[in-house]
Structures are given as C-alpha cells and as structure tokens.
Amino acid sequence: MLHKATIFIILTTIMLTISCSGGEMEQKKVTYNSLKDIPDAAWEKLSPKKIFFGHQSVGFNIIDGIQDLMKEYPQIKLNIVETSDSKKFNSGIFAHSRVGKNTEPDTKIADFAKYIDQGIGENADAAFLKFCYVDMLSISNAQQVFDEYAKAMQDLKDRHRDLAVIHFTVPLTTNEKAWKLWIKNILGRKDIQKPTDNMRRNQYNELLIEKYKGKEPVFDIANLESTYPDGSRSTFAYEGKTYYSLVPEYTDDGGHLNAQGRKRVAAQLLITLINEI
C-alpha cells in the first residue's frame, strides 16, 4: 500500500504537469500515408485553409487530378479557384495561377514572389511554386536556378513568417530509346526529350532534397512520377550514372500527366497538405 505522503507527491506532480501545459496534454502529430486513412475531421480541418499554388501546364494536370479525387472522396471539400487575387483569400481557398513563362524559371520565381508580396503572403497558410520540366533542360545551370529559387523562398519566409512554403522537385519526362529519338528527328518532331534534360532535372532535384528534406516541407513530384505502382523505379544510365525518368504509363505525350498520373500525384499532394498545414 502506498504511503499517504507518496500519494500526495504523485498527485501534486500530475497537477503541476497539467498546469504547466495549460490544462491540456501534449498531442502527438498524426501523419497519414493514404487517402483512405484520413478521417473526415482531418479534411474538415484542411477545408478552411488558404493555399496558393503557382504553376503552368503540369500544374493544371494536378488540379484536374484533385478534382477527380474529390468526386471519389466527397469528404474532400476544397474551394478550388484559379486566381492570384489576394482579396479572394478571406476564407478557405485552394487558389492556383499561372506564373511566369515556360523555359524561363527566373520569371516564375519573380511572379510567385510578386503575388505573395501583394497580399497573399499575409493571408495564406501555405504556398508552393512548381517548375515545369521545360524549365530545366540540358543547357540549364541547375545550381544557378536552385540558388535563385532558394534565396527567393528564404526572403519570402523572412517577410511572411506565418506562411508555410512547400518545396517541389522538378517534374520529369519519359526517357525514350535512342532509335525512337532518331525517328522523331528524321520526322522533324519538336517534342524530342533528350536524356541530358532529365539528367539536369535530377541534378536540380538532388540539390533541393539535400537542402530541405527533413527540415522543411518537400513535395517530391519527381519521385512519384518515376515510381511504378509496384515500387520499382523508371531509370536510365548516362555516363556511368543512374537517373530517374517519368513512368510511360503516367503520360500520353512524354511529359504531361494523364488520368492515372495526375491522380497519383494529386493524391500525394493532398496527403502532404493534410500532414504539413
């Protein structure tokens, strides 16, 4: 039997612990790995959040994927609006807008920063910029583009302390066989994807993951695009090194996401938003 003095000490310790925590026990953050595991309460918590997504064409694929999933999961209630108007951020919204010009990543960074600074940053809970695969080509300087991106995002976070910035890797393209590229070249096709383009995208993505993974939210779209449903990866070798490429089944043109690809990416983006904001 416990001595009265011992019981008193135990009860006093419990009361002090509760008092110091404001009367509430600390709750461990729950993370989810599948849409099917997410309870309605978590979707209800996400619904009033204010989110801004800057993108171009693959971004529209992702938005279409989210809308596909909203039909399958009626508990997902997001107010998806194409806008960069900060006045629209007076209630729950998943706003998205074109930013910059394709093949010119600096213009996308500048546009994204402009919209954030024009009022979105003071009202939004989270924001993210996604480059297109055409923004990172064999002629691109991956280090230079990443340095510019990282500096701009840090500056935005310094100016908007309550804004969560989610960092996106660069999307990939399929890596077609040499004979297919040769035929396309003979036919004058302009949509030829060079292995060195994907190599440069991989280089950029390695820089981004090295800097942010485990420290700030990262959405690794390249990983999702290059992973088959069975978990294996779509890869190619170039100059003795292995790189990742887009799974052919996720696209109809070698770069943009088809119905299967967009739902795969959209599902994981929703899970990321649930887990991070």
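From a predicted model like this one, the values you see are computed outputs, not experimental measurements. (Residues numbered from 1 in each chain as written. Predicted model: local features only at pLDDT ≥ 70, side-chain atom pairs only at ≥ 80, totals over all residues. Heavy atoms only, no water.)

Before we move on, could you go through the sheet that holds strand E5 (residues 164-165) and cite the residues and values that matter?
On the basis of which strands lie adjacent, the open sheet formed by five strands has the order E2-E3-E1-E4-E5 and parallel pairing. Unpaired on one side and paired on the other, strand E2 (80-82) and E5 mark the two borders of the sheet. As judged from the four bridges shared by strand E1 (residues 50-55) and strand E4 (residues 126-129), these two strands associate in the parallel manner. Bridge pairing in E4 places Gly-54 opposite Leu-129. (Pairing = 2+ DSSP bridges. Helix = DSSP H or I, 4+ residues; strand = E, 2+ residues; numbered from the N terminus.)

Talk me through the packing of aromatic side chains; I want residue IDs and the actual numbers.
In total, this model carries 13 aromatic pairs according to the counting rule given. With a centroid separation of 5.9 Å and an interplanar angle of 20°, the aromatic rings of Phe-52 and Phe-112 are classed as stacked. Of this pair, Phe-52 sits in strand E1 while Phe-112 sits in helix H4 (residues 105-123), and the two are 60 residues apart along the sequence. Judged by its relative accessible area of 1%, Phe-112 is buried. Ring centres 5.3 Å apart and planes at 15° place the aromatic pair Phe-128 and Phe-168 in the stacked group. In this pair, Phe-128 sits in strand E4 while Phe-168 sits in strand E6 (residues 167-168), placing the two residues 40 residues apart along the sequence. Through a chain of ring-to-ring contacts, three or more aromatic side chains come together here, namely Phe-53, Phe-94, Phe-128, Phe-168 and Phe-219. The ring of Tyr-244 carries the charged tip of Arg-233 above its face, separated from the ring centre by 3.6 Å. (Phe/Tyr/Trp six-rings, centres within 6.5 Å; stacked < 30°, edge-to-face > 60°. Buried < 20%, exposed > 50% of the residue type's maximum accessible area, 1.4 Å probe, protein only. Lys NZ or Arg CZ within 6 Å of the ring centre and 35° of its normal.)

Give a description of the pattern of salt bridges that names residues and reports values.
Counting across every chain of the model gives eight salt bridges. Put simply, Lys-151 and Asp-155 hold a salt bridge, and the shortest N to O gap is 3.0 Å. With Lys-151 and Asp-155 both in helix H5 (residues 142-159), this residue pair falls four residues apart, about one helical turn. A residue is classified by how much of its surface remains accessible, and Asp-155, at 25% relative accessible area, is partly exposed. In this structure, Lys-157 engages Glu-216 in a salt bridge whose closest nitrogen and oxygen atoms are separated by 2.4 Å. Taken together, the positions of Lys-157 in helix H5 and Glu-216 in the loop between helix H7 (195-212) and strand E7 (218-219) put the pair 59 residues apart, joining distant regions of the chain. On the basis of relative accessibility, which here comes to 25%, the residue Glu-216 falls in the partly exposed class. (Salt bridge = Lys/Arg side-chain N within 4 Å of Asp/Glu carboxyl O.)

Tell me about the side chain of Asn-205, and please be specific about residues and values.
Structurally, the position occupied by Asn-205 is in helix H7. Among the residues examined, Asn-205 registers a relative accessible area of 6% and is labelled buried. Those residues in contact with Asn-205 that sit more than four places away from it in its chain are Thr-169, Val-170, Leu-172 and Ala-222. (Contact = heavy atoms within 4.5 Å.)

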